[in-house]
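Understanding the architecture of this molecule
Residue-level listing of the chains:
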Amino acid sequence: MRKLKLQELNRPDLATFQAQPKTPIVLVLDNVRSALNVGSAFRTADAFALAHVHLCGITAQPPHREILKTALGATDSVTWTYHETTLAAVAQLRAEGYHILAVEQAAASTSLEQFILPSSPIALIFGNEVQGVDQAVMDVVDGALEIPQYGTKHSLNVSVSLGICVWELFRQLGQF
């Protein structure tokens, strides 16, 4: 089996990507500590042509050396906004008609594989690597998605969780 060369992948150039329709999913990063995880979020957002990334609280913002290291240029293709608080981002997204979901282990969470897409666009909130999504934010979300896990650890890395959730919703949207 032969690996494809970059020019065979038929990826759009930056201008074409920015003009093309976007997947109706936005990411909200709630006080994510690691700039490397932030860069990975941008790269995933680019890969699936997500609509936007919202960076909140202590979450690092481009240009930041560690973001750029893992984003590999995705900070140029994906639009983003900084909010002092995640609650401010949630209020804005709610006013824009988004269905707001935390990705968190929570009472009454929906297992990712059982989630049924709403007709509205989706905002996925990913929390701090230690504390998760802030409880004040959990108090105002429309629901929580949980990734089933069967090992001894209690969580996945935020960038891994983000990739799993985005792929599943992208798949359900029939975008591929």
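The structure presented is a predicted model; accordingly, all values stated were derived computationally and were not measured. Residue positions within a chain follow its written sequence, with the count starting from 1. Only residues with pLDDT of at least 70 get local features here, since the model is predicted, and only at 80 or more are side-chain atom pairs given and counted; chain-wide, interface and lining totals rely on the full set of residues. To obtain the side-chain values, all non-hydrogen atoms of the structure were included, while hydrogens and water were left out.

**Some words on the pattern of salt bridges**
What counts as a salt bridge is simple: a side-chain nitrogen of Lys or Arg found within 4 Å of a carboxyl oxygen of Asp or Glu. Scanning all chains against the criterion turns up four salt bridges. Its salt-bridge partner being D142, residue R94 comes within 3.0 Å of it at the nearest N-O pair. Taken together, the residues span a long stretch of sequence, with R94 in helix α5 (residues 86-95) and D142 in the loop between α6 (135-138) and β7 (143-146) at a distance of 48 residues. The cut-offs for exposure are 20% and 50% of the maximum accessible area for each residue type, with area from a 1.4 Å probe on protein chains only; residues under the lower value are buried, those over the upper are exposed, and the others partly exposed. Residue classification places D142 among the partly exposed positions, given a relative accessible area of 38%. Across the pair R171 and E168 runs a salt bridge whose closest N-O atoms are separated by 2.7 Å. Taken together, the residues R171 and E168, both in helix α7 (residues 158-173) and three residues apart, mark about one turn of the helix. Where helices and strands are cited, they refer to DSSP runs of H or I of at least four residues and of E of at least two residues respectively, numbered from the N terminus.

**Regarding the sheet that holds strand β6 (residues 122-126)**
By definition, two strands form a pair when at least two bridges between them are found by DSSP. Strand order across the open sheet formed by seven strands is β3-β2-β1-β6-β4-β7-β5, with parallel pairing between neighbours. Strands with a single pairing partner mark the edges of an open sheet, and in this sheet they are β3 (80-83) and β5 (110-111). Examined bridge by bridge, strand β1 (residues 23-30) and strand β2 (residues 50-56) share six bridges and lie parallel to one another. Considered in β2, the bridge of V26 is made with H52. On top of the sheet, helix α2 (residues 35-47) reaches β1, β2 and β3; it is set at about 165 degrees to β2, its chief contact. Only heavy atoms matter for contacts: two residues are in contact if any of them lie within 4.5 Å across the pair. A fitted line through C-alpha atoms serves as each axis, taken over the contacting stretch for helices, and the angle formed by two N-to-C directions is quoted from 0 to 180°. On the sheet, α7 packs against β1, β2, β4 (99-103) and β6 and is oriented at approximately 160 degrees with respect to β1.

**Topic: the side chain of T75**
Mapping T75 onto the fold places it in helix α4 (residues 74-77). Judged by relative accessible area, which is 13%, T75 ranks as buried. Once you skip the residues sitting within four places of it in the chain, T75 turns out to touch F42, P62, I67, L68 and W80.

**Details of α5**
If you check which residues of α5 are buried, you get T86, A89, V90 and L93. For α5, the arc enclosing every buried residue in end-on projection is 100 degrees, short of the 170-degree limit, so these residues lie on one face. Residues of α5 that are buried make contact with β1, β2, β3, β4, β6 and α6. Just past α5, the residue G97 takes up positive phi, approximately 90 degrees. Within this analysis, the arc is defined by the directions that extend from the helix axis to the C-beta atoms.

**A word on the nonpolar core**
In this structure, L27, L29, F42, L124 and F126 are the most contacted members of the largest nonpolar core, which totals 33 residues. It is α7 that contributes the most residues to this core, six residues altogether. Apart from residues lying up to four places away in sequence, L27 is in contact with A41, A45, L50, H52, V53, H54, L124, F126, L162 and V166. Ranked by size, the runner-up nonpolar core spans 16 residues in total, among them C56, A123, I125 and M138. The term nonpolar core refers to a set of buried residues drawn from Ala, Val, Leu, Ile, Met, Phe, Trp, Tyr and Cys, joined through side-chain atoms within 4.5 Å.

In short, geometric facts, not functional conclusions.
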